[in-house]
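# Descriptive structure summary
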Amino acid sequence: MTAHPPAAAHRALGRSRGAVTSFAAVSVLIAGAALTGCAEQRDSDVYTVMNSSTDETYHRWDAEAMARCGERLGVTIEQQSVPASQVMTKALRMASSKSLPDIVQFDASEMPTFADAGGLVDLRTLGLATDDIPEGIVDFGSYQGTYYGAARSVNTLALFYNKDILDEAGVPVPTTWDEMRAAAGKLTEGKRYGLALSAGGAEDGVFQFTPFMWSNGGDESDLDSPQVVEALDYWKALLQDGSLSKSTVNWTQADVNDQFMAGNAAMMINGPWQVETLNTDKSLHWEIAQIPVPEAGADSVGPLGGAVLTVPNTGDTGREKTAGRIVDCLASEKEQLTYALNSWMVPANEKAAAKWRAEVPELDALADQVAAARSRTAKLGAGWSGVSLALQSAFQSALTGQSSETALQRAQQRATSGN
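Just so it is clear, the model here is predicted, and its values are computed rather than measured.

Our focus in this paragraph is the overall build of the chain. The helix and strand inventory of the chain stands at 18 helices and 12 strands. In the chain, which comprises 419 residues, the share counted as buried stands at 56%. If you take every contact in the chain between residues at least 6 apart in sequence, the share linking residues at least 24 apart comes to 77%. Accessible surface computed for the chain: about 16,000 Å², of which carbon and sulfur atoms make up 47%.

Moving on: the pairing of strand S2 (residues 76–81). Bridge count for strand S1 (residues 46–51) against S2 is 6 bridges, and the pairing is parallel. Within S2, the position partnered with threonine 48 by the bridge is glutamate 78. Handedness of the crossover is the feature at issue here: the chain leaves S1, passes through helix H3 (residues 56–73), returns alongside S2, and the resulting connection is right-handed.

We now examine the environment of leucine 128. One can find leucine 128 in the loop between helix H5 (111–116) and helix H6 (135–140). Note on leucine 128: relative accessible area 6%, which makes it buried. Spatially, the C-alpha atom of leucine 128 lies 9.7 Å from that of alanine 331, the residues being 203 residues apart in sequence. Leave out the neighbours within four places in its chain, and leucine 128 touches Leu123, Ala150, Gly324, Val327 and Asp328.

Describing an aromatic ring pair means giving the distance of the ring centres and the angle of the ring planes. Throughout the structure, instances matching the rule amount to 12 aromatic pairs. Geometrically, the ring pair formed by tryptophan 177 and tyrosine 234 is stacked, given 4.6 Å between the ring centres and 20° between the ring planes. Of the two residues, tryptophan 177 sits in helix H8 (residues 177–187) while tyrosine 234 sits in helix H10 (residues 226–241), which places them 57 residues apart along the sequence. Neither residue differs from the other here; tryptophan 177 and tyrosine 234 are each classed as buried. Here phenylalanine 209 and tryptophan 235 contribute two aromatic rings whose centre-to-centre distance is 5.1 Å and whose plane-to-plane angle is 75°, an arrangement assigned as edge-to-face. With phenylalanine 209 in helix H9 (residues 203–215) and tryptophan 235 in helix H10, this residue pair connects regions lying 26 residues apart in the sequence. Here phenylalanine 209 matches tryptophan 235 in class, with each residue buried. Here the aromatic cluster, defined as three or more aromatic residues joined through ring pairs, consists of Trp177, Phe209, Phe212, Tyr234, Trp235 and Phe395. Cation over ring: arginine 319 sits above tyrosine 47, and NZ or CZ is 4.2 Å from the ring centre. The ring of tryptophan 214 carries the charged tip of arginine 374 above its face, separated from the ring centre by 4.1 Å.

Leaving glycine out, the prevailing phi sign among residues is negative, and the prevailing peptide bond configuration is trans. Despite not being glycine, lysine 98 has its phi angle at roughly 55°, a positive value. Among the secondary structure elements, lysine 98 is positioned in the loop between helix H4 (87–96) and strand S3 (103–107). By relative accessible area, lysine 98 is classed as partly exposed at 33%. A positive phi angle, close to 70°, is found at tryptophan 344, a residue other than glycine.

Spatial ordering of the open sheet is given by S8-S9-S7-S10, a layout of 4 strands whose pairing is mixed. The open sheet has two free edges, formed respectively by strand S8 (193–196) and strand S10 (286–289), since each of these has just one partner strand. With strand direction ignored, the average angle separating the axes of adjacent strands in the sheet is 20°. As judged from the 3 bridges shared by S8 and strand S9 (residues 265–270), these two strands associate in the parallel manner. Bridge pairing in S9 places tyrosine 193 opposite alanine 265.

It is worth spelling out the pattern of salt bridges at this point. If you walk through the whole model with that rule in mind, you get 14 salt bridges. In this structure, arginine 72 and glutamate 335 form a salt bridge, with 3.7 Å as the shortest nitrogen-oxygen distance. Of this pair, arginine 72 sits in helix H3 while glutamate 335 sits in helix H14 (residues 333–343), placing them 263 residues apart in sequence. One network of salt bridges, in which partners are shared, links Arg68, Arg72 and Glu335.

We now examine a negative patch on the surface. A cluster of acidic residues, Asp178, Glu179, Glu230, Asp233, Glu295 and Glu405, forms a negative patch at the surface. Breaking the negative patch down by element, the ones donating at least two residues are H8 and H10. With respect to the helices and strands, glutamate 295 occurs in the loop between S10 and strand S11 (307–310). Judged by relative accessible area, glutamate 295 falls into the exposed class, the value being 57%.

Rules used in this analysis
Residues numbered from 1 in each chain as written. Predicted model: local features only at pLDDT ≥ 70, side-chain atom pairs only at ≥ 80, totals over all residues. Heavy atoms only, no water. Helix = DSSP H or I, 4+ residues; strand = E, 2+ residues; numbered from the N terminus. Buried < 20%, exposed > 50% of the residue type's maximum accessible area, 1.4 Å probe, protein only. Contact = heavy atoms within 4.5 Å. Areas by Shrake-Rupley, 256 points an atom, 1.4 Å probe, with all protein chains shown as cover. Pairing = 2+ DSSP bridges. Right-handed = clockwise from strand over helix to strand, strands pointing away. Phe/Tyr/Trp six-rings, centres within 6.5 Å; stacked < 30°, edge-to-face > 60°. Lys NZ or Arg CZ within 6 Å of the ring centre and 35° of its normal. Axes fitted to C-alpha atoms, helices over the stretch in contact; angles between N-to-C directions. Salt bridge = Lys/Arg side-chain N within 4 Å of Asp/Glu carboxyl O. Patch = residues over 30% accessible without salt bridge, like charges linked within 9 Å, V, L, I, M, F, W, Y side chains within 5 Å. Lys, Arg positive; Asp, Glu negative; His and termini not counted. Charge placed at Lys NZ, Arg CZ, Asp CG, Glu CD.

Here's what the structure looks like:
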């Protein structure tokens, strides 16, 4: 499901790798910027959207959507695209010079940091409603109960499998952990592993671990709980079985996709940003399913990924109101469906998502996975980055020999202390 070239793949995952600016630094910079009041003179009919659509295809799709909304609202909407890893730092520099754009598209994992520092406007006060948006996606764009970010589309992870390989081996698509472990073992042959996933020391690995942690009842605020230990032990068991490559600890999600396409893995955990690449190989017959769960009947709870449109707090209430109307248009049912069909992402709006399912039935399992998905920052907000770093270290330790319990105890200590 990927109309996602490499640059866009970072956006799909949530781009947390780019969120290196500390929460304290953001708070100081935004507070010191005295956001109320715009220093520069602006054309009253020209509005700017800053996003990370540096890829030519995404930039064009966004430009077309902005042109449609601009015509509808009687304004000109200009797009300013910067690399995903630079959105936060660029926004901070513009805040300090009182030259913030009218709309900023933040990765949802970065948005809480800017919101906590008082840098964003509550979208509900600008007239945006959330009636047709699932609660998990509302949380995705919220911080401490306030709705700051409107998602046009979202993504999550799913189980991709090579239909030909599974059919030839007589292996049914697994739905539980036991079934996936058995299937991965049977499908491992020669240079081919049964399963590929990312457990690298970056956000890719954390993103891929959350479905195992959350579906098992684990929680990001208690990293050394039995449920989280059991989830990491499951990864270790797959590695010890030989069903996962030892290189798993170094792979990104792009590496995982490369292995799958090369025939070196029969199944993989990955996201819709890989679909465009997968579809370049017409001989590869892939399908998707929900990520298996610990016990039959349990919910498969994955992480929501994607970006949200926000309105910075500039103090110019007139411009903020029009910016809200622009966000409302870009995130409307019609525009969401157009964007999602281009990008293979799932529309955030339930009505648009229903139409999307009919258009791309082969991705139906992804829509089911999104319906139960969670925001990584919904519970901890800006504190997620510390948990992510702690988990990354835990994977490296546990998958190279340390016990999961010891590695996660250290991770919990790091997350709590910040060291």
